[in-house]
Amino acid sequence: MKTQVISSHISDVLALFREHGELSRTDVIEISGLSRSTVNQRLTSLHEAGLITPVGGGESTGGRPSSRFAFALDRAVILAADIGASGFTVAVCDLAGTPLREANRTVNVWEGPERVLQDVVDCFEELRGTAIVWGVGVGVPGPVEFKAGRVVNPPIMTGWDRFDIAGWFGSRYRVPVVVENDANARAVAEARLSGSDNLISLKLGTGIGSGLFFNGQIVRGNDGAAGDIGHTRAVLGDEASLLPCQCGNVGCVEAYAGGWALTRDLLALDMEVAGVADIVRLVRQGNIDASRLVRQAGRVLGDAVADLVSILNPAQIVISGQLAECEEVLLSGIRERIYQRTSPLATRNLRLHTSDLGEFVGVTGLALITVDRILDTDSIDATLSSHAGDVPSPGAAAVAGLG
Ligand SMILES: [Zn+2]
């Protein structure tokens, strides 16, 4: 195995198990480059905290102590809520981000934070059972000031500007709360599960979100506003008019390619459309007007994404959100413009595809980001001390084997 340069901090040793899965003591020594005594100390602490568990039956084979360990995914759970403009998905996730129990609700985000978040909490309470909760992750379809846990001037979330989402959940659950832009959360899930360090996630629903994940981390920019391609200027023909956008500007990509814009255009054609679900239904039925508009939306998106591809050279562009259910009708327009407008080198290894994680990509990413936060170098001590009372008693044989 390749040696990684890590500090001897307990969180860095734990991170090896989160990244590599099951490891022996020797594996940890080889990968980390740390001394045997340091590794033994860290493994003992992690085992006592219930964060790693012996594997491979070491304890039961004639009293021989286990020397292989794995991250204890079931040590606690994360409550995750992926909130969209017209509904949300909530899940109880294990510490690897895998949803254990989940639910969907229809909700109108314009009803405001108090109403929507209370619905989320009601769902959390139905799902969590007796599980020990270590953190809450909340995704929203708008720009997020990450450190403060607030949305700032969200175009499709009227009434949510600067609402203290983290504080609202924190007062109810008394655990760390992470608030994240929904497309960023999706980018993290896609990157971790595909092992890709450079990708763009596009969430296409009522609005347009994009998450940039490069060199192994979310690209946030200075204030958390990076990557908001929905409100960059659309590339339009000479005769096209500049349509007003929900952000207050004109001519934005979202004003031509967002779900709300497509709904507007289909209503103008006297079609019965209430939102993105109806657009998907019409496209699947082969409706000519809906298919034409979605294909054209794909081209507008493709022009915007092409610039990102030229600037950032991603390995993947992963599409999720309800509009992604239009599949090839949408993807063909995106693909056409990307390949027209970028250099062969930038697209040589590029994969453009819809998410394999389906509707749970958002909650998975939120759980992973929340686990990162509570188990990082700055937080792991506080996390462990606040949950010291619920630690499972470590097996004596396993601990003895670490000496
Ligand atoms: Zn706009």
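Before reading further, recall that the structure is shown in the block above.
I will try to describe carefully the structure that is included in this document. Here the structure is a predicted model, which is why all the values come from computation and not from measurement.

## Overview of unusual backbone geometry
- One non-glycine residue, Arg174, lies in the positive phi region at around 55°.
- Its location among the elements puts Arg174 in the loop between α5 (165-173) and β10 (177-181).
- Residue Arg174 is classed as exposed on the basis of its relative accessible area, which comes to 70%.
- If you check the backbone angles, Asn313 has positive phi at about 50° while not being a glycine.
- If you trace the backbone, Asn313 turns up in the loop between α10 (288-312) and β14 (316-320).
- On the basis of relative accessible area, Asn313 is assigned to the partly exposed category, the value being 44%.

## Here's the deal with the sheet that holds strand β12 (residues 208-214)
- Spatially, the 5 strands line up as an open sheet ordered β13-β12-β11-β14-β15, and their pairing is mixed. Either end of the sheet is taken by a strand with one partner, and the two such strands are β13 (217-218) and β15 (351-354).
- Pairing between β14 and β15: 4 bridges, direction parallel. Following the sheet pairing, Val318 is matched in β15 by His353.

## Section: the coordination of the zinc ion
- Bound to the zinc ion on the protein side are His231 (ND1), Cys245 (SG), Cys247 (SG) and Cys252 (SG), at distances that span 2.0 to 2.3 Å.
- Donor residues for the zinc ion, ordered by position in the chain, follow H-x13-C-x1-C-x4-C.
- In this structure Cys247 comes out as partly exposed when scored by relative accessible area, which is 35%.
- With a relative accessible area of 2%, Cys252 lands in the buried category.

## Focus: the pairing of strand β5 (residues 87-93)
- Among the 7 residues of β5, 7 are classified as buried, and the element is accordingly described as predominantly covered.
- Side chains of β5 alternate between two faces, with Gly87, Thr89, Ala91 and Cys93 and Phe88, Val90 and Val92 buried alike.
- Here strand β4 (residues 77-83) runs beside β5; their pairing, made up of 6 bridges, is antiparallel. Following the sheet pairing, Leu79 is matched in β5 by Val92.
- Where β5 and strand β6 (residues 99-106) come together, 7 bridges link them in antiparallel fashion. Each bridged residue has a counterpart across the sheet, and for Val92 the counterpart in β6 is Arg101.
- Following β5, the chain reverses through 5 residues before pairing antiparallel with β6; Gly97 in that reversal takes a positive phi of roughly 85°.

Definitions and cut-offs
Residues numbered from 1 in each chain as written. Predicted model: local features only at pLDDT ≥ 70, side-chain atom pairs only at ≥ 80, totals over all residues. Heavy atoms only, no water. Helix = DSSP H or I, 4+ residues; strand = E, 2+ residues; numbered from the N terminus. Buried < 20%, exposed > 50% of the residue type's maximum accessible area, 1.4 Å probe, protein only. Pairing = 2+ DSSP bridges. Donors = N, O, S within 2.8 Å, 3.2 Å for Na, K, Ca; no water.

Read these as geometric descriptors, not functional statements.
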